[in-house]
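Chains, contacts and geometry: an overview
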Amino acid sequence: MSQFDHLDLDGHLLRLLLAVIEEGSVTHAAHRLGVTQSAVSHLLDKLRAIVGDPLFVKSGRGIVPTARAQALAAHARMLLDELRRFSSAVEFDPAKLSALVTIAANDLQRDLLLPSFLRYVRAQAPGLTLRVIPSGAPTAELLRGEHCQLVITPRPPDASDVLQKRLFEDSYRVFYDASARNAPATIEEYLVADHVTVLHEHLRPLDIDDVLAERGVRRRFVAQVQGFSGIGPFLRGSAMIATLPGLLRAHMLRDFAVAPVPFECPAMPMFMVWHLRHQADPMHRWLRQQLEIVVAPALATRPGEAVLAYPGLKQSQALKAV
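Cut-offs used in this document
Residues numbered from 1 in each chain as written. Predicted model: local features only at pLDDT ≥ 70, side-chain atom pairs only at ≥ 80, totals over all residues. Heavy atoms only, no water. Helix = DSSP H or I, 4+ residues; strand = E, 2+ residues; numbered from the N terminus. Buried < 20%, exposed > 50% of the residue type's maximum accessible area, 1.4 Å probe, protein only. Contact = heavy atoms within 4.5 Å. Areas by Shrake-Rupley, 256 points an atom, 1.4 Å probe, with all protein chains shown as cover. pLDDT = per-residue confidence, 0-100. Pairing = 2+ DSSP bridges. Expected span 1.5 Å × (residues − 1). Arc of directions from axis to C-beta. Phe/Tyr/Trp six-rings, centres within 6.5 Å; stacked < 30°, edge-to-face > 60°. Lys NZ or Arg CZ within 6 Å of the ring centre and 35° of its normal. Salt bridge = Lys/Arg side-chain N within 4 Å of Asp/Glu carboxyl O. Axes fitted to C-alpha atoms, helices over the stretch in contact; angles between N-to-C directions. Parallel < 35°, antiparallel > 145°, perpendicular 65-115°, else oblique.

Quick look at the overall build of the protein
A tally of helices and strands in the protein yields ten helices and 15 strands. When burial is assessed residue by residue, the protein has 47% of its 322 residues classed as buried. Sequence separation of 24 or more characterises 76% of the internal contacts of the protein that already satisfy a separation of 6 or more. About 16000 Å² of surface is accessible on the protein, with carbon and sulfur atoms providing 54% of the total.

In structure tokens form, the structure reads like this:
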């Protein structure tokens, strides 16, 4: 008979289970939790004894969770949410916070907002550590699975348990190398040009690409990259152009010329997105407030035509009307 029972479970073991599942590695889970690999292995052995399941099996060079571990993960997330609500009955004090906060953002919003955000929140909560992961074209599972606490994206997932708030809007602009070509002055010049664009994982293009395709505007793409930081090397010294958010002229594409798009095109909104379970959590509410606070100063220090917008909280289905 096992010497363990359900009373030996605690929040640390539940968090450990989720970390190993999400990282797919004992080593990476140990790094994420700030403990040694041997400590993770020891606690996993304890958890295996409690639940009577191996929890993970080898697969190639990594490990994968058993069906039992996957089922336990869903319960673990609910139990951890209950523990958070239990502890949040006391007043939240940022100065006493000691936590790792994960935000998903692609390179535009990462470079634009998160350095200022980190400096601002650490002045109040020196025990906070920020982890930034790429959001790509985010899915609801990114938030449901506790991979991150917040997503900053122009494309919130369409799900009833996902909440959003608009942070700002940006205008699209044409970027080009002025030493190699002139700006396209007409739609005809624009369409005959060679184009570079950003294509996130799952073959998901930018919103503007979807809109133009719906209007029958077909461009000749000669290069597609996974992030905005990859655009510059293709433009430099070439006659290619890229239609991208204008705020990129402040950092990643500061060395390139910028011109208006020679026809009407939609603006690019930027949203802060989180899961419904975090809506009333005091720490999470504080994090959202701090991110909103740093938006205006961050945009004010950069050239561009971003327009702040605070239309209030919406369910993500409301995007269909945007």
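Comments concerning the confidence of the model for the protein
Taken as a whole, the protein shows an average pLDDT of 84; of its residues, 87% reach a score of 70 or greater. Within the protein, helix 9 (residues 232-235) carries the highest mean pLDDT (96), whereas strand 15 (residues 314-315) carries the lowest (43). A low-confidence stretch, residues 304-322 stays under pLDDT 50, and its non-local contacts, those more than four residues away or across chains, total 52 contacts.

Topic: the environment of Ala125
For Ala125, the position within the fold is in the loop between helix 5 (107-124) and strand 4 (128-133). Between the alpha carbons of Ala125 and Lys96 there is a distance of 7.0 Å; along the sequence they are 29 residues apart. Not counting the four nearest positions on each side in its chain, Ala125 is found in contact with Pro94, Leu97 and Trp286.

A word on the pairing of strand 1 (residues 56-59)
Of the pairings in the sheet, the one linking strand 1 to strand 2 (residues 62-65) comprises four bridges and is antiparallel in character. In the strand pairing of strand 2, Lys58 is matched with Ile63. Hairpin remark: strand 1 followed by strand 2, antiparallel, with two residues in the connecting loop; positive phi at Gly60, about 65°.

Considering helix 3 (residues 37-51)
The terminal C-alpha atoms of helix 3 lie 21 Å apart, and with 15 residues this matches the ideal 21 Å at 1.5 Å per residue to within 8%. Turning to helix 3, its buried residues are Val40, Leu44, Leu47, Ile50 and Val51. Seen along its axis, helix 3 keeps its buried residues to an arc of 115°; they face one direction. Among the exposed residues of helix 3, those oriented more than 90 degrees off its buried face are Ser38 and His42.

Structural notes on the packing of aromatic side chains
What the rule picks out here adds up to two aromatic pairs. Residues Phe92 and Trp286 carry aromatic rings whose centres are separated by 5.7 Å and whose planes lie at 55° to one another, so their mutual orientation is tilted. Note that Phe92 is positioned in the loop between helix 4 (67-87) and strand 3 (99-105) and Trp286 in helix 10 (residues 282-300), a separation of 194 residues in sequence. Classification of Phe92 as partly exposed rests on a relative accessible area of 25%. Under the relative-accessibility criterion, Trp286 is labelled buried at 7%. Aromatic side chains Tyr190 and Phe263 sit 5.1 Å apart centroid to centroid with 80° between the ring planes, which places their arrangement in the edge-to-face category. Of the two residues, Tyr190 sits in helix 7 (residues 187-192) while Phe263 sits in the loop between strand 12 (257-260) and strand 13 (268-275), which places them 73 residues apart along the sequence. The two residues Tyr190 and Phe263 agree in class, both being buried. Over the ring of Trp274 we find Arg288; its NZ or CZ atom is 4.4 Å from the centre of that ring.

Some points on the pattern of salt bridges
This model, assessed by the stated rule, comprises ten salt bridges. The shortest N-O distance in the salt bridge between Glu23 and Arg131 comes to 3.1 Å. Taken together, the residues span a long stretch of sequence, with Glu23 in helix 1 (residues 11-23) and Arg131 in strand 4 at a distance of 108 residues. Residue classification places Glu23 among the partly exposed residues on the basis of a relative accessible area of 22%. Arg131 sits in the partly exposed class, given a relative accessible area of 26%. Measuring nitrogen to oxygen at the nearest pair gives 2.7 Å for the salt bridge that ties Asp194 to Arg220. Here Asp194 is found in strand 8 (residues 194-200), whereas its partner Arg220 is found in strand 10 (residues 220-225), with 26 residues between them in sequence. Judged by its relative accessible area of 29%, Asp194 falls in the partly exposed class. Each of Glu22, Glu23, Arg32, Arg77 and Arg131 takes part in salt bridges that share partners, so that together they form one network.

A look at the packing of helix 2 (residues 26-33) against helix 3
Two numbers describe a pair of packed helices, the interaxial angle and the distance between the axes. Contact pair helix 2 / helix 3: the axes reach a minimum separation of 8 Å and the direction vectors enclose 105°. As the angle between them shows, helix 2 and helix 3 are arranged roughly perpendicular. Between helix 2 and helix 3, the contacting residues are Val26, Thr27 and Ala30 on the first element and Gln37, Val40, Ser41 and Leu44 on the second.

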